[in-house]
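# Observations on the three-dimensional arrangement
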Amino acid sequence: MTSPSPLRLPQIDAKAAPTLKHPAAEPFYVEAIGQLAASGIPFLLAGTYAVSAYTGIVRETKDLDVFCKAGDYPRILAHFQDLGYAVAIEDDRWLGKVLKGDHFFDVIFASPSGATPVTEAWFAHARQLDLFGTTVRIIGPTELVWSKSFIQLRHRYDGADVAHTILRAHEQIDWTRLLAYMEQHWELLLTHLLNFRWIYPTERDVVPAWLLDELLDRLDKQRRLPPPQMKICRGRMLSRIDYEIDVKDWGYADLGGEGGWRDETEGPDRDG
């Protein structure tokens, strides 16, 4: 599948670029980006390169994060396999890899929980920048915040990336679209915004007042309601490992399926 007619995307100058943990990998990245661009398969650059571009933060990176739609994920892997690269499907729900020797890049089309699938909207609202001599599309700041909001593991927490992106690129964030993305998980969005306010008290006003009012109104209405009947642990969307005990031993429902009931006398008749 070839890329659709190129959109007129804003061209940006990256505020910074990450440093490579393994400098010897640079020729591989140059080659990989060139091959991706030549393939015509739509892709976006994300990860540390995007964080650096929008915030100016310089830190080490060990790889490239290449985002694509789910339907293009096998196309990218097959394209590089045909070129003689090694490929691996680490998790068919969201992640593959392209490898050459000790170097690799990730091919990502969703979060591990499936909460943030890459869609055409990501491409419509992307930016462009020059990387390794090639003009590439980079994830937009709205989608960057959305994609990182769910990364909260014991060994990796991206809340700082969310806060820094809001701080340094808030004028480029489409807050209405961000709320639409997180409509089902509005409490998580509120949590990140409250964290931002606490971290940067002098910058509270960069988050639109209407958005905070909307989320706090939802919270007010929710507090008046009785607790849910089914025991649910949405923490599994953040870390399957850290919240495993909740599902395995404590009777909470996983991302799908049923869990125990808060009051066994409540809930629907399971036999009927």
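Below, the structure is looked at part by part. (Residues numbered from 1 in each chain as written. Predicted model: local features only at pLDDT ≥ 70, side-chain atom pairs only at ≥ 80, totals over all residues. Heavy atoms only, no water.)

## So, the side chain of Asp106
Assignment of secondary structure puts Asp106 in strand β7 (residues 103-108). Asp106 has contacts with Asp63, Leu64, Asp65, Val66, Leu95, Gly96 and Lys97, leaving out every residue within four places of it along the chain. (Helix = DSSP H or I, 4+ residues; strand = E, 2+ residues; numbered from the N terminus. Contact = heavy atoms within 4.5 Å.)

## Focus: the pattern of salt bridges
Counted under the stated rule, the structure contains 21 salt bridges. Lys97 is the salt-bridge partner of Asp106, the closest N and O atoms lying 2.5 Å from each other. Between Asp254 and Arg236 there is a salt bridge, and its shortest N-O distance comes to 3.0 Å. Residue Asp254 is located in the segment after α10 (244-248), and its partner Arg236 is located in the loop between α9 (209-223) and α10; the two are separated by 18 residues in the primary sequence. The network of salt bridges with shared partners includes Arg59, Lys148, Arg156, Asp158 and Asp161. (Salt bridge = Lys/Arg side-chain N within 4 Å of Asp/Glu carboxyl O.)

## Section: a nonpolar patch on the surface
Nonpolar side chains collect at one region of the surface, where Ile245, Trp250 and Tyr252 lie side by side and expose about 280 Å² of accessible area between them. Assignment of secondary structure puts Ile245 in helix α10. (Patch = residues over 30% accessible without salt bridge, like charges linked within 9 Å, V, L, I, M, F, W, Y side chains within 5 Å. Areas by Shrake-Rupley, 256 points an atom, 1.4 Å probe, with all protein chains shown as cover.)

## Digging into the layout of surface pockets
For the largest pocket, the calculated volume is near 960 Å³. Residue lining of the largest pocket: 39 residues in total, with Asp65, Trp94, Ile108, Ile151 and Arg156 positioned closest to the centre. Breaking the lining of the largest pocket down by element, the ones donating at least two residues are α2 (47-55), β3 (60-61), β4 (64-67), β5 (86-91), β6 (95-100), β7 and α5 (141-149). The element that contributes the greatest number of residues to the lining of the largest pocket is α5, accounting for three residues. Within the lining of the largest pocket, the residues separate by chemical class into 14 nonpolar, nine polar and 16 charged. (1 Å grid on protein atoms, 1.4 Å probe; cavity = no way out; pocket = protein on both sides within 12 Å on 5 of 7 lines; lining within 4 Å. Points joined across faces, edges and corners; volume = space filled by probe spheres on them. Nonpolar A, V, L, I, M, F, W, Y, C, P; charged D, E, K, R; others polar.)

## Section: the nonpolar core
Phe105, Trp122 and Ile166 are the most contacted members of the largest nonpolar core, which has 74 residues in total. Setting aside anything within four residues of it in sequence, one finds Phe105 in contact with Phe28, Ala32, Leu36, Leu64, Val66, Phe80, Gly96, Lys97 and Val98. (Core = buried A, V, L, I, M, F, W, Y, C linked by side-chain atoms within 4.5 Å. Buried < 20%, exposed > 50% of the residue type's maximum accessible area, 1.4 Å probe, protein only.)

## Section: the pairing of β5
By the bridge criterion, four bridges tie β5 to β6 in an arrangement that is antiparallel. Across the sheet, residue Ala88 finds its bridge partner in β6, namely Lys97. In textbook terms, the turn of a hairpin is the stretch between consecutive antiparallel strands, and for β5 and β6 this stretch comprises three residues. (Pairing = 2+ DSSP bridges.)

## A few points about α2
Along an α-helix, residues three or four positions apart point the same way, because every turn accommodates 3.6 residues. Buried residues dominate α2, accounting for nine of its nine residues. Of the positions making up α2, those classed as buried are Gly47, Thr48, Tyr49, Ala50, Val51, Ser52, Ala53, Tyr54 and Thr55. Just downstream of α2 lies Gly56, where phi reads positive at about 85 degrees.

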